[in-house]
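# Coordinate inspection notes
What follows is each chain in one-letter form.
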Amino acid sequence: MASLSLRSIYKKYPGGVVAVSDVNLEIKDKEFIILVGPSGCGKSTTLRMVAGLEEISEGELYIGDRLVNDVAPKDRDIAMVFQNYALYPHMTVFENMAFGLKLRKVPKDEISRKVEEAARILDITHLLERKPKALSGGQRQRVALGRAIVRDPQVFLLDEPLSNLDAKLRAQMRTEISKLHQKLGTTFIYVTHDQTEAMTMGDRIVVMKDGFVQQVDSPQNLYESPVNQFVAGFMGSPQMNFIDGILRKIDGKYSVEFGSEDTKTSRGKKYYVEIPEAKTDEPELSSLIDNEVILGIRPEDIHDEEMFLSAARTGIIDTDVEITEMMGAETYLYLNCEGIPLTARVDPRSTARPLDKIKVAIDPNKIHIFNKETEKTVIN
């Protein structure tokens, strides 16, 4: 097994295009780490540099204690699982899984033992004589994983391996891959653009944007304490609500003011969400008084239940219900407050329906505040 160390890694293409900038990452032995971000953020390029399929423009890559910048992919002791499975159509499942071992001149009986063991782990023993065209998408994915397992590599690299599967199978395979990681006890590096995959599978998550690493942390810490507005918006589904507001300090208490009151026509309304005292020891707050800030609140922290509304002293707002989505265990309300779109995740027994006017309460203990200019987090 092996740890990995990426030290000031860059990928530059001709014409001045920088795909990956200054990636520094220490991956522990046996860790399951996930690279996540929107398309074009540099996550797959980073993975391909670890694999040796892309040349590193600057920086150093260590697998264990060995510098591998100039080591050929086949000598890095890694196995990669691709998005399109890359199976040989004319070979059986057994032959596909055995192919890499045959190239290495591994004895036949050892090949059989390794393939059968991998097939047992993945529950595909009954498929060993079939060709890929006779397999479902999920079965092909298992074969691709099996081909990687038989090599017994130090590091597994998985590049969006579930993106071709339907939603139900994707959820099932997420669990299977997590179990597989526990069984094998190998270092896994997994690339995805799906933050649900990232949140449910990884020990730690690396969030990337425009070639830069934004934050590296556990799923829970990323969700509760994002370092900037991008991470806050990317992690979580439905995503965090963002409200443009002004930071005020009245009678020694901080609050965020938003809305669009027109005093001449008495139209619109101003709203205030008071910042709990426990959150106001952040030194940057005082420099932002009377300046624009962004208030962040997650959908599950906007409440329409009477018990929250009656208990709230601040943050009660009037909204128009535009759409409701019944999800079974919960309901999503798509709301509009003074032209500000909001999503609330509420109890499935909610009676709110489209075109209703309802009051909702923003939980002040769960607010996030971002500097509007830098987009960096001021308060979590």
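Placed above this text is the structure.
Residues numbered from 1 in each chain as written. Predicted model: local features only at pLDDT ≥ 70, side-chain atom pairs only at ≥ 80, totals over all residues. Heavy atoms only, no water.

Now for the sheet that holds strand β17 (residues 331-337). Within the open sheet, the 5 strands sit side by side as β15-β19-β16-β17-β18. Their pairing is antiparallel. Looking along the sheet, the strands with just one partner apiece sit at the ends: β15 (302-303) and β18 (340-346). Relative to strand β19 (residues 357-362), β15 is paired through 2 bridges, and the arrangement is antiparallel. Looking at β19, one finds that histidine 303 is bridged to alanine 361. (Pairing = 2+ DSSP bridges. Helix = DSSP H or I, 4+ residues; strand = E, 2+ residues; numbered from the N terminus.)

Let us now look at the pairing of β19. In the sheet, strand β16 (residues 316-326) pairs with β19 via 5 bridges, with the strands oriented antiparallel. Paired with isoleucine 316 across the two strands is alanine 361, which belongs to β19.

Before going further, it helps to examine the side chain of serine 255. Locating serine 255 in the fold gives a position in strand β12 (residues 253-259). Contacts of serine 255, omitting those with residues within four sequence positions, involve Ile246, Leu247, Arg248, Tyr272, Val273, Glu274 and Ile275. (Contact = heavy atoms within 4.5 Å.)

Cis geometry is found at the peptide bond from serine 237 to proline 238, where omega equals -5 degrees. Inspection of the secondary structure assignment puts proline 238 in the loop between α8 (229-234) and β11 (241-250). The phi torsion at aspartate 251 lies on the positive side, around 55 degrees, for a residue other than glycine. Turning to its location among the elements, aspartate 251 is positioned in the loop between β11 and β12. A residue is classified by how much of its surface remains accessible, and aspartate 251, at 77% relative accessible area, is exposed. Its identity as a non-glycine residue notwithstanding, leucine 355 has a phi of 80 degrees, on the positive side. Looking at leucine 355, the relative accessible area reads 79%, which means it is exposed. (Buried < 20%, exposed > 50% of the residue type's maximum accessible area, 1.4 Å probe, protein only.)

Next up on the list: helix α3 (residues 108-122). Between its terminal C-alpha atoms α3 stretches 21 Å, which fits the 21 Å expected from 15 residues at 1.5 Å a residue. Those residues of α3 that sit buried are Ile111, Val115, Ala118, Ala119, Ile121 and Leu122. All buried residues of α3 project into a common sector of 160 degrees when viewed along the axis, lining one side. Turned more than 90 degrees away from the buried face of α3 sit Asp109, Arg113 and Arg120, all of them exposed. Where the residues of α3 are buried, they touch α2 (93-103), α4 (137-149) and α5 (167-184). (Expected span 1.5 Å × (residues − 1). Arc of directions from axis to C-beta.)

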